[in-house]
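Close look at the chain arrangement
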Amino acid sequence: MPEINILPKEVYQLIAAGEVVERPSSVVKEMIENSVDAGAKSITVEIKNGGSTYIRITDDGCGIARDQIKKVFLPHATSKIKNAADLDGIATLGFRGEAMASIAAVAKVELLSRQKGDELGTRYEIEGGEEKVLADAGCPEGTTIVVRDIFFNTPARMKFLKKDVTEGNAVSGVVDRMAISHPEISFRFIRDGKQVLITSGNGELKSTVYSVLGKEFSSSLVEVDYTVNHMRVTGLVTKPSASRKSRAMEFFFINNRLVKCQTAMAALEQAYKNSIMVGRFPGCVLNIECDTSFVDVNVHPAKIEVRFANERPVFELVYYGVKSAIETQDTPKQAHFAEPKTIVNSSGKLDFAQKDEDKPQQIEFRIKKENNFWNVASAPVKREEKPQQAEVKAYTSALDETRKISDTLNVSAPEPKFEHEEPKQEVKPEPAPEIPDFTVVGEAFRTYIIVEIENSLYYIDKHAAHERMNFEALKATTQINSQVLLEPVPVRLSKEEYNAVLENVELYRQCGFAVEDFGSSTVLVRECPSMLGGEDIEDLIVETAGKLLDGKTDITPERMDWIFHSTSCRAAVKGGDYTSPEERELFVQKLLSMPNIRYCPHGRPVMIKVSRYEIEKQFGRQG
């Protein structure tokens, strides 16, 4: 049997350091967290060569007493907790007592600190875990720590460091996230002698996000502030129209601690599910405030992973908070045009020209008046043939059904119920939204209804709008009108889909479908929502069965959305279908009475706004 050895101090310190100190950015993170816990109102971070040769953190916090300074660099030494019971209610960012000892084990560290009221401060130097200097020093109140030559005594670790640019970017990311998690602290970041970030520290999150993440991102944000069951979520989320191609701009914090939280991420994206395109993602800066006993942050040395006593309240808090914010604060998508180029012609007068790539395609347009409505059509304009009676009847039936059901629409997100939730005061229903004066100008390509409201034109995608009205009506109604099919529709499914449908027969029933087992991987559909008209039943069941298979989660509050999506799409009027002027008028009136409808369930915009100013600018009328 091999001999068991007791490792010397310098060896086990290097091993322990590997869990905490992976690269310069992890050093910066640990030291900034200590500055925040010390009550700092201003923190300056300076690095050189990506932080591999020089890191300096300066704060104006409480400082460290001289007789306590040596303890800072001892393993398992901390001022944050005293006993095991304290682990159940950790309110500070740091608490393990490992970071400074690990940093000192693999770098050259110099500490300067002075407490408020002390005449002199203290200078302490330690290299590779060995004390070098302890002396008086003149320094400002607070603490400054300089870390030089990370991994100077472990060259095997040093070779795994990446290029200075890469390491510097990682440090920058840490500073950015700490800054937006603490807008009440002024952060200053200096990189290779150049100041690249400064935040005001005025406590305003949007101002801090503007400084850290830029104007474009901050201008797309709406505020979130939602409280339920003694938990609160606050912060900012992007408008659906500003969705992104990745999750890189999703930032989650628990009690101002940066975390990776799959539950919160799933809730955020679920709240946007009907408002952004598939494959696009929202951005956010969200902080969840909860009792410290509800969350366990002692999961991993990096303290970025957490566990909740119960994930469901967290999911519903984020879901309903975000959904309420985007439904009440989002605005219609605005059309934008290229700026016309202004030139002076030979006569000295102003001309308006466009670059070749900005010129519209040469399409001749004619305008004609039919039934007192102006219709715009591309040349050659042909007289519209009379629509088939069945087509009109189907559209009118679907529209009438939408009107009946949509009258019960409730667009505000319902609050989840909890066993011990305090009774709420009765809230009077809000008055119906006022419909603005509008004029239906006409219809383009039998797909886009053109409406004039005040000084703007709105192009309404009638299929997308009708689909969303159907969708909201289905979600809002407590009793979906169903119709019995003359002949039951058999639907053959794969084994997995078949099981998924049979496990969710009650879910289908709530959505207006009567589905029963027919054996041999086949189900029979005997009833369907009346707005469907009995069409596309087989395809709809196959589609929703697949979605039920993909959505294997026990905490999603909107499982019926999968079925409602498909139902509302198939029941909606299609692009290219004929609609009479009277139908357009009624359609627009209904849509404008539902101001929170801005996107179809698949995330495409329902309407696009073109202001009179933008139109006149293209014609050179704005000067």
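Everything in this summary refers to the structure shown in the same document. (Residues numbered from 1 in each chain as written. Predicted model: local features only at pLDDT ≥ 70, side-chain atom pairs only at ≥ 80, totals over all residues. Heavy atoms only, no water.)

**Comments concerning unusual backbone geometry**
In this structure, Asp 192 takes a positive phi of about 50 degrees despite not being glycine. For Glu 454, which is not glycine, the phi dihedral falls at a positive 55 degrees. Topologically, Glu 454 is positioned in the loop between β22 (448–453) and β23 (456–461). (Helix = DSSP H or I, 4+ residues; strand = E, 2+ residues; numbered from the N terminus.)

**Regarding the environment of Met 100**
As for its position among the elements, Met 100 is in helix α4 (residues 99–106). With 27 residues separating them along the chain, Met 100 and Phe 73 place their C-alpha atoms 5.2 Å apart. Setting aside chain neighbours within four positions, we find Met 100 in contact with Met 31, Asn 34, Val 72, Phe 73 and Ile 145. (Contact = heavy atoms within 4.5 Å.)

**Some remarks on the sheet that holds strand β26 (residues 522–529)**
Taken together, three strands build an open sheet; the order of strands is β24-β26-β25 and the sheet is antiparallel. Unpaired on one side and paired on the other, β24 (482–492) and β25 (514–519) mark the two borders of the sheet. Across this sheet, the average inter-strand angle for adjacent strands is 20 degrees, counted without regard to direction. In the sheet, β24 pairs with β26 via seven bridges, with the strands oriented antiparallel. Across the sheet, the residue bridging to Ser 482 is Pro 529, located in β26. (Pairing = 2+ DSSP bridges. Axes fitted to C-alpha atoms, helices over the stretch in contact; angles between N-to-C directions.)

**A short note on the packing of aromatic side chains**
Taken as a whole, this structure holds five aromatic pairs when the rule is applied. Consider the rings of Tyr 508 and Phe 513, whose centres lie 6.2 Å apart with planes at 90 degrees: the pair is edge-to-face. Residue classification places Tyr 508 among the buried residues on the basis of a relative accessible area of 0%. Three or more aromatic residues joined by ring pairs form one cluster here, namely Phe 315, Tyr 319 and Tyr 320. Above the face of the Tyr 54 ring, Lys 48 is positioned so that its terminal group lies 4.8 Å from the ring centre. Here the guanidinium or amino end of Lys 108 rests over the ring plane of Phe 152, the centre of that ring lying 5.2 Å away. (Phe/Tyr/Trp six-rings, centres within 6.5 Å; stacked < 30°, edge-to-face > 60°. Buried < 20%, exposed > 50% of the residue type's maximum accessible area, 1.4 Å probe, protein only. Lys NZ or Arg CZ within 6 Å of the ring centre and 35° of its normal.)

**Overview of the pairing of β22**
Relative to β22, strand β21 (residues 439–444) runs antiparallel, the two sharing five bridges. When the bridges of β22 are listed, Glu 443 appears paired with Ile 449. The loop that links β21 with its antiparallel partner β22 comprises three residues; one of these, Phe 445, has a positive phi angle of about 60 degrees. For β22 and β23, the ladder comprises six bridges, and the chain directions are antiparallel. Paired with Ile 449 across the strands is Ile 460, a residue of β23. The turn linking β22 back onto β23 is made up of two residues, and Glu 454 within it adopts a positive phi angle of 55 degrees.

**Comments concerning the pattern of salt bridges**
What the rule picks out here adds up to 20 salt bridges. With its nearest N and O atoms 2.8 Å apart, the salt bridge here joins Glu 33 to Lys 29. You can see Glu 33 and its partner Lys 29 sitting in helix α2 (residues 24–37), four residues apart, about one turn around the helix. The salt bridge partner of Arg 66 is Asp 136, with a shortest N-O separation of 2.0 Å. With Arg 66 in helix α3 (residues 66–72) and Asp 136 in strand β5 (residues 130–137), this residue pair connects regions lying 70 residues apart in the sequence. Take Asp 136: its relative accessible area is 46%, and that puts it in the partly exposed class. Here the residues in one salt-bridge network are Glu 110, Arg 123, Glu 125 and Arg 148, joined through shared partners. (Salt bridge = Lys/Arg side-chain N within 4 Å of Asp/Glu carboxyl O.)

**Digging into the sheet that holds strand β1 (residues 42–48)**
What the eight strands build is an open sheet, ordered β5-β4-β3-β6-β2-β1-β7-β8; its pairing is mixed. Strands at the two margins of the open sheet, each flanked by one partner only, are β5 and β8 (194–198). When strand polarity is set aside, the average angle formed by the axes of neighbouring strands in this sheet is 10 degrees. On top of the sheet, helix α6 (residues 164–181) reaches β1, β7 (186–191) and β8; it is set at about 175 degrees to β7, its chief contact.

**Structural notes on the nonpolar core**
Of all hydrophobic cores here, the largest spans 50 residues; its most connected members are Ile 32 and Val 147. For this core, the leading source of residues is α6, giving six residues. Once residues lying within four places of it in the same chain are set aside, the contact partners of Ile 32 are Ile 43, Val 45, Ile 57, Val 175, Met 178 and Phe 187. Residues Leu 268, Ile 288, Val 306 and Val 318 belong to the second largest nonpolar core, which totals 35 residues. (Core = buried A, V, L, I, M, F, W, Y, C linked by side-chain atoms within 4.5 Å.)

**Remarks on the environment of Gly 168**
By the element assignment, Gly 168 lies in helix α6. A relative accessible area of 0% means that Gly 168 is categorised as buried. Separated by 117 residues in sequence, Gly 168 and Gly 51 place their C-alpha atoms 6.4 Å apart. The contacts of Gly 168, once residues within four sequence positions are left out, are Ile 47, Gly 50 and Arg 191.

**Here's the deal with the packing of α2 against α4**
Packing of α2 against α4 leaves a shortest axis separation of 10 Å and a crossing angle of 140 degrees. As summarised for this structure, α2 and α4 are arranged oblique, according to the angle between their axes. The two elements α2 and α4 meet at a crossing, and its hand is left-handed. Residue-level contacts link Val 27, Glu 30, Met 31 and Asn 34 of α2 to Ala 99, Met 100 and Ile 103 of α4. Of the residues that constitute the contact of α2 with α4, the class distribution is five nonpolar, one polar and one charged. (Parallel < 35°, antiparallel > 145°, perpendicular 65-115°, else oblique. Left-handed = near helix turned anticlockwise from the far one by under 90°. Nonpolar A, V, L, I, M, F, W, Y, C, P; charged D, E, K, R; others polar.)

Everything listed here is a matter of coordinates, which is why it stays silent on function.
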